[in-house]
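Spelled out from the first residue to the last, the chains are:
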Amino acid sequence: VFVALASPFQIALMDAQLGALFVVNCIVDCVFIVDFVLQFFLMYGVKTGHGTRLEHRHSRIVAHYLKTWFLIDFISIIPFDLLAFLVQSSGVIWAKGV
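Remember, it's a predicted structure, so these values are computed and weren't measured experimentally.

Enquirer: Can you break down the environment of Phe 32 residue by residue, with the values?
Expert: Relative to the elements of secondary structure, Phe 32 occurs in helix α2 (residues 20-38). A C-alpha to C-alpha distance of 8.0 Å links Phe 32 and Ser 76, two positions 44 residues apart in sequence. Look past the residues within four positions of Phe 32 in its chain and what remains in contact with it is Val 3 and Ile 77.

Laid out in structure tokens, this is it:
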């Protein structure tokens, strides 16, 4: 919920600056990066004729993740607040409309 509400507001309306919100966003980004890496190793459920079993083969786990949530997760871990702080230029300020 924090990312969905705070990040768009911060990117669109606030100037990039070091502060408490920046640190909190960096911590949240780190949690998402750890989750992103873990998804390549976590088993997932596969329905069979006898119920559901967990897929444990690493190659299948990686293939399944790449076909499903990988792109969305990859885009979600881009640290936009850090990029805005590093690329403070007149073009970025003009694009924000400030």
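From this point on, the discussion continues.
Enquirer: Any details on α2? Residues and values, ideally.
Expert: Given 3.6 residues to a turn, an α-helix orients residues that are three or four positions apart in the same direction. Taking 1.5 Å of rise per residue, the 19 residues of α2 would be expected to cover 27 Å, and the 27 Å separating its terminal C-alpha atoms lies within 8% of that figure. Buried within α2 are the following residues: Phe 22, Asn 25, Val 28, Asp 29 and Phe 36. All buried residues of α2 project into a common sector of 125 degrees when viewed along the axis, lining one side. Exposed and oriented more than 90 degrees from the buried face of α2 are Ala 20, Ile 27, Val 31 and Val 34.

Enquirer: Any details on the side chain of Glu 55? Residues and values, ideally.
Expert: In this fold, Glu 55 is placed in strand β2 (residues 51-55). Of note is the side chain of Glu 55, whose polar atom sits 2.8 Å from the side chain of Arg 57. Once residues lying within four places of it in the same chain are set aside, the contact partners of Glu 55 are Met 43, Tyr 44, Val 46, Arg 60 and Ile 61.

Enquirer: Pulling in residues and values, what's your account of the packing of aromatic side chains?
Expert: Each aromatic ring pair is characterised by the separation of its centres together with the angle its planes make. Within the structure shown, the criterion is met by eight aromatic pairs. Ring geometry for Phe 36 and Phe 70: centres 5.4 Å apart, planes at 35 degrees, overall tilted. Taken as a pair, Phe 36 in helix α2 and Phe 70 in helix α4 (residues 70-76) lie far apart in primary sequence, 34 residues in all. Overall, the relative accessible area of 12% leaves Phe 36 in the buried class.

Enquirer: Account for the confidence of the model for the protein, naming residues and giving values.
Expert: On average, the protein scores 84 in pLDDT, and the residues at 70 or more come to 85%. Of all helices and strands in the protein, the one with the weakest mean pLDDT is helix α6 (residues 90-96) (58), whereas helix α3 (residues 58-67) scores best (98).

Here is what the cut-offs are and how they apply
Residues numbered from 1 in each chain as written. Predicted model: local features only at pLDDT ≥ 70, side-chain atom pairs only at ≥ 80, totals over all residues. Heavy atoms only, no water. Helix = DSSP H or I, 4+ residues; strand = E, 2+ residues; numbered from the N terminus. Contact = heavy atoms within 4.5 Å. Expected span 1.5 Å × (residues − 1). Buried < 20%, exposed > 50% of the residue type's maximum accessible area, 1.4 Å probe, protein only. Arc of directions from axis to C-beta. Polar contact = N/O pair within 3.5 Å; in protein donor to acceptor, adjacent residues only side chain to side chain. Phe/Tyr/Trp six-rings, centres within 6.5 Å; stacked < 30°, edge-to-face > 60°. pLDDT = per-residue confidence, 0-100.

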